[in-house]
Amino acid sequence: MLRFIAKRFVEAIPVLFIVATITFFLMKAAPGGPFDTEKATTPEIKAQLEAQYGLNKPVFQQYLDYMGQLLHGDLGPSFKYAGWSVAELLAGAFPVSLELGCYALAFALMLGLIAGIIASLRPNSLNDYIPMGLATLGICLPAFVTGPLLILVFAITLGWYNTSGWDFPSDRVLPSITLGLYYTAYIARLTRAGMLEILSQDFIRTARAKGATEWRVVWKHSLRGGLLSVVSFLGPAISGLVTGSLVVETIFQIPGLGRFFVMAGFNRDYTMVMGTVLFYAVLIIVLNLLVDIIQVWLNPKLRFD
Amino acid sequence: MTAAPQPATLRPTDEIEAGHSLWQDAWHRLRKNKMAVLGGIFIILLTIASFVTPLVASDYYKHQNLDLGATPPSHAHWFGTDQLGRDLLARVLYGGCISLSVGIAATVVSVVIGVLYGTISGYIGGRLDVIMMRAVDILYSLPFVMFVILLMVIFGRNIILLFMAIGAVEWLDMARIVRGQVQSLKKQEFIEAALALGLRKRRIILRHMIPNVLGIVIIYSTLIVPSVMLLESFLSFLGFGVQPPMSSWGTLINEGAKSMEECPWLLIFPGLFFSASLFSLNFLGDGLRDALDVRASKD
Amino acid sequence: MPLLELSNLRTSFHTRHGIVRAVNDVSFTLEKGETLGIVGESGSGKSVTCYSLMGLIPQPPGRIEGGRVVFDGVDLLCCKPEQLRRIRGKRIAMIFQDPMTSLNPYIRIEDQLIEPLLIHERIEYTEAVKRGIAALEEVGLPDAAKRIRSYPHEFSGGMRQRVMIAMALITKPDLLIADEPTTAVDVTVQAQILELIKRAQRQLGMAVMLVSHDLGVVSGFCDRVQVMYAGRIVESAKTDSLFHQPQHPYNRALQNSIPALQPKGTALYTIPGMPPDLSRPLPGCAFAPRCEFAADKCSTGEIVLKEVAPDHRSACLRVQQAEIKV
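Just so it is clear, the structure is predicted and the values come from calculations on it, not from any experiment.

1. Thoughts on unusual backbone geometry
Comment: phi is negative for the bulk of residues other than glycine, and the bulk of peptide bonds are trans. All names here are of chain C. In the Ramachandran plot, Asp 25 falls in the positive-phi region, its phi being about 60° despite a non-glycine side chain. Positioned with a positive phi, Asp 72 is a non-glycine residue whose angle comes to about 50°. Position of Asp 72 among the secondary structure elements: in the loop between strand E4 (62-71) and strand E5 (74-75). Note on Asp 72: relative accessible area 27%, which makes it partly exposed.

Here you go:
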């Protein structure tokens, strides 16, 4: 197991290196510099700013400097927020996004698994059609449609929640549902398919022949195998949640990483954009590794290969 | 499992099925799939409406009527008007034209990349295949959309770049599927025969492989279109995609979301059209896949 | 009172191709400690019969249309699910055809093996594990105390079938249903598996129902044998009598198709035609279209299983009326 983890880490290093290199040169290839947008800057101030951020050095020297900083975990200063480093901005915003992501994933897993299992136990009945019909609907509705609609219904019309913000516990509800809805639907479909597949296996018949209750058949014999596909979906789901949080944080004006990233994009705050991309890449790689470990733990056949 | 009887094997051999081509069979099955047919009809109608409207009334969607302002749906304006007095129906149809165009163009880009990549990987095989597929795996796990945003930020928000960027993101599935198909084709006899005849590899790829993976490519292309449209609208919603005065469904939804308290119809109609299109395309794609799927063609 | 009594069991599957009558009017009894063989081709309804009485038919598409299955005074088809569950796995145990797929790949052998004990008996976990190890040793698994912690995929097919047997026997059942227990294992292992079942039967005094398409397996193992064709029992007799004095053309044809019993050098015998489509109504004798003795009445007359010799029953109309000797 340790070897497996070590191997994945070693694999991740060149990936991150390439990601960092590409983002760096993309940034350099951009027409215009980060200080062009501020109309009031005189050439002297601009030169001074560029010197301060090391932008007057040759590009390759800048690249080496940047990579050297990266090795020390330093993502550089923000171009937009003077006096702030990118790392500080990330550290401030990430916990909010993490919280949102966790709620959304928990919501998706809970509702999706329950709906999928219920549907799989009585296929082609109303217990199947209703949750699966809703799931199909959920898959086709993007967050930027459901989010505003949820606000329209539950915040504006019914007045149960605030339309935006992240100050009260109740502010977590609508964003988490908006972000988690697609994954709820997808997980429900995967669970149903996985459970149906497992429930038709010979070993389920063996379990029934042993006199196992229906509860035991589902809980002890089917769930493990039936949920493998859900677990392998968690990898892509995590990337998706990260991307989705861009939209959800924008809609609900949540001070998380996604919103910072979008703002940084508008403000051409290149170091911030790059830092966020790199941070997300590391995050996703680590979380994917975690998912792989869970998968191996669930499936004994993989454990020995 | 011996418990379930297998009627297919018990059926007397005197019933010989009438010969149908795979495509006839598929068409027949597709027609039986009501949701797919409905989806197809909706998409065709929408496409016609979206592409004809800008032709017959090229300026109408941006025709402003500031005196009118935002009005709810009425006889004169079925979907109402926005703050500038522009007719929302016209704007939605025009937005559909943009969204569908981006959807199709970016799909073409991604299909070209995916098919080439998958064919090469699957055909050459060996170490190259391992490396190429590992690369796909890694790319899968990266926050790709962020790169697209990065690209759009750095190189300006230009619609051609948008096609290319989205296409560059969505080719991964296609590459995997094509590779699988090519690998199984490679083992088949007519390819071996072609090799034995001394055809060049390039020629085998162009003349034998690509035509044979075409069916599966078409099916998955129909499934790429909705995900491309989703990505485009996602970017437009965030403000990185289609720029004013052009408007796609994403930008319309964004504008609608900003003013939904006063004029909810500005959100509801674009959202409805967008979701219905995604719905229809997904059902159509799934229907096509089920209808053409070789694995299920003899049940 | 017999241990098990089936009367007029009818099971069908409602499929897209119509209603498949997999088991059609099957009746038989099984005494305590008796060994009954059921033979027939695939699709003849022998497995479905077993699954029906165990309540293991997937419903839908399966449906038990009628009949009674009385086990020790309890009708398994209409008793409460809870009551059926308490008999299943405790008093009636079952071994399945394919040991590769019949064990849960995600769970340790240990937990699967002692599961019947945990379900049916009030027993401590550690005590159950002890009995599990003993049961594995009983079926000849070396190093049982260690290997009990393995997963199924670490075992060979023969070993898995031993585990299946140990699992079935662990509650000391009154009836063991073995559905083709030797079909999926190597020939060398077959005899060992059968021997294991035989020994356990002697020790526990349990009844065994052995389902097989292999006449050789059945002939050496069973007290009584019944032959099934197209969902019906066509012949039923003591093993000796069934093999030496066949009273149904199908039984005769089956025995003729065993290559080992034919003189060397002659062409191998096969039964002409195909088994019938069970989704269509079959008037008369289902075997008639393939039968060399068939007469007009065979395809119209009503078919019932009748005694044609002492303790020997046949469903052949012409045998019953003593028109032919097969």
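The rest of the description comes next.
2. Here we look at the environment of Val69(C)
Residues and elements named next belong to chain C. Topologically, Val 69 is positioned in strand E4. In sequence terms Val 69 and Phe 28 are 41 residues apart; their C-alpha atoms lie 9.6 Å from each other. Excluding its chain neighbours within four sequence positions, the residues that come into contact with Val 69 are Leu 4, Glu 5, Leu 6, Leu 9, Leu 53, Val 74, Asp 75, Leu 76 and Leu 77.

3. Notes on the interface of chain C and chain A
In this assembly, 30 residues from chain C lie in contact with 23 residues from chain A. Note on chain C versus chain A: buried area summed over both sides is about 2300 Å², and carbon and sulfur give 59% of it. Three residues stand out in chain C for area buried against chain A, namely Tyr106(C), Glu115(C) and His153(C), and they jointly supply 29% of the buried area on that side. On inspection of chain C and its partner chain A, the count reaches two salt bridges. Here Glu115(C) ties to Lys210(A) by a salt bridge, and the two come within 2.9 Å at their closest N and O atoms. Linking chain C with chain A are 14 residue pairs in polar contact (both at pLDDT 80 or more), by the criterion used here. Elements that contribute at least two residues to the side of chain C that touches chain A include exactly helix H1 (46-54), strand E6 (92-95), helix H3 (99-102), helix H4 (109-113), helix H5 (115-120) and helix H8 (157-169) of chain C.

4. A closer look at the interface of chain B and chain A
Contacts between chain B and chain A engage 39 residues on the former and 43 residues on the latter. Of the roughly 3600 Å² buried at the junction of chain B and chain A (both faces included), carbon and sulfur atoms supply 82%. Inspection of the region where chain B meets chain A yields zero salt bridges. Linking chain B with chain A are zero residue pairs in polar contact (both at pLDDT 80 or more), by the criterion used here. Contributing elements (two or more residues each) for the side of chain B that touches chain A: helix H5 (126-140), helix H6 (144-155), helix H10 (201-238), helix H11 (249-258) and helix H12 (265-292) of chain B.

5. Overview of the environment of His28(B)
Locating His28(B) in the fold gives a position in helix H2 (residues 22-32). Sequence spacing of His28(B) and Ala291(B) is 263 residues, and the spatial spacing of their C-alpha atoms is 8.1 Å.

6. Regarding the packing of aromatic side chains
All names here are of chain C. For the structure shown, the criterion picks out 19 aromatic pairs over all chains. Their ring planes at 80° and their centres at 5.2 Å tell us that Tyr 229 and Phe 287 sit as a pair that is edge-to-face. With Tyr 229 in strand E9 (residues 224-229) and Phe 287 in the loop between helix H12 (249-256) and strand E11 (306-309), this residue pair connects regions lying 58 residues apart in the sequence. Taking relative accessible area as the criterion, Phe 287 reaches 3% and is therefore assigned buried. Arranged with centres 5.1 Å apart and planes meeting at 65°, the rings of Tyr 250 and Phe 287 form a pair that is edge-to-face. Of the two residues, Tyr 250 sits in helix H12 while Phe 287 sits in the loop between H12 and E11, which places them 37 residues apart along the sequence.

7. Some points on the nonpolar core
One finds Phe144(A), Ile149(B), Phe234(B) and Leu238(B) to be the most contacted residues of the largest nonpolar core, which totals 134 residues. Beyond its immediate sequence surroundings of up to four residues, Phe234(B) is in contact with Phe144(A), Thr243(A), Leu246(A), Val247(A) and Val145(B).

8. Here's the deal with the pairing of strand E2 (residues 18-30) of chain C
Residue and element names in this part refer to chain C. Relative to E2, strand E1 (residues 4-15) runs antiparallel, the two being bridged by nine bridges. Its bridge partner being in E2, His 14 is matched across the sheet by Ile 19. Taking the residues between adjacent antiparallel strands as the criterion, E1 and E2 are bridged by two residues.

9. Quick word on the side chain of Thr206(A)
Considering the arrangement of structural elements, one finds Thr206(A) in helix H8 (residues 202-209). Once you skip the residues sitting within four places of it in the chain, Thr206(A) turns out to touch Phe96(C), Ser102(C), Met164(C) and Met167(C).

10. Here's the deal with H1(C)
Residue and element names in this part refer to chain C. Burial within H1 is extensive, with nine of its nine residues counted as buried. If you check which residues of H1 are buried, you get Lys 46, Ser 47, Val 48, Thr 49, Cys 50, Tyr 51, Ser 52, Leu 53 and Met 54. Looking one or two residues beyond H1, the residue adopting positive phi is Gly 55, at roughly 70°.

So, how was this worked out
- Residues numbered from 1 in each chain as written.
- Chains lettered and ligands numbered in written order.
- Predicted model: local features only at pLDDT ≥ 70, side-chain atom pairs only at ≥ 80, totals over all residues.
- Heavy atoms only, no water.
- Helix = DSSP H or I, 4+ residues; strand = E, 2+ residues; numbered from the N terminus.
- Buried < 20%, exposed > 50% of the residue type's maximum accessible area, 1.4 Å probe, protein only.
- Contact = heavy atoms within 4.5 Å.
- Buried area = accessible area lost by both parts, 1.4 Å probe.
- Salt bridge = Lys/Arg side-chain N within 4 Å of Asp/Glu carboxyl O.
- Polar contact = N/O pair within 3.5 Å; in protein donor to acceptor, adjacent residues only side chain to side chain.
- Phe/Tyr/Trp six-rings, centres within 6.5 Å; stacked < 30°, edge-to-face > 60°.
- Core = buried A, V, L, I, M, F, W, Y, C linked by side-chain atoms within 4.5 Å.
- Pairing = 2+ DSSP bridges.

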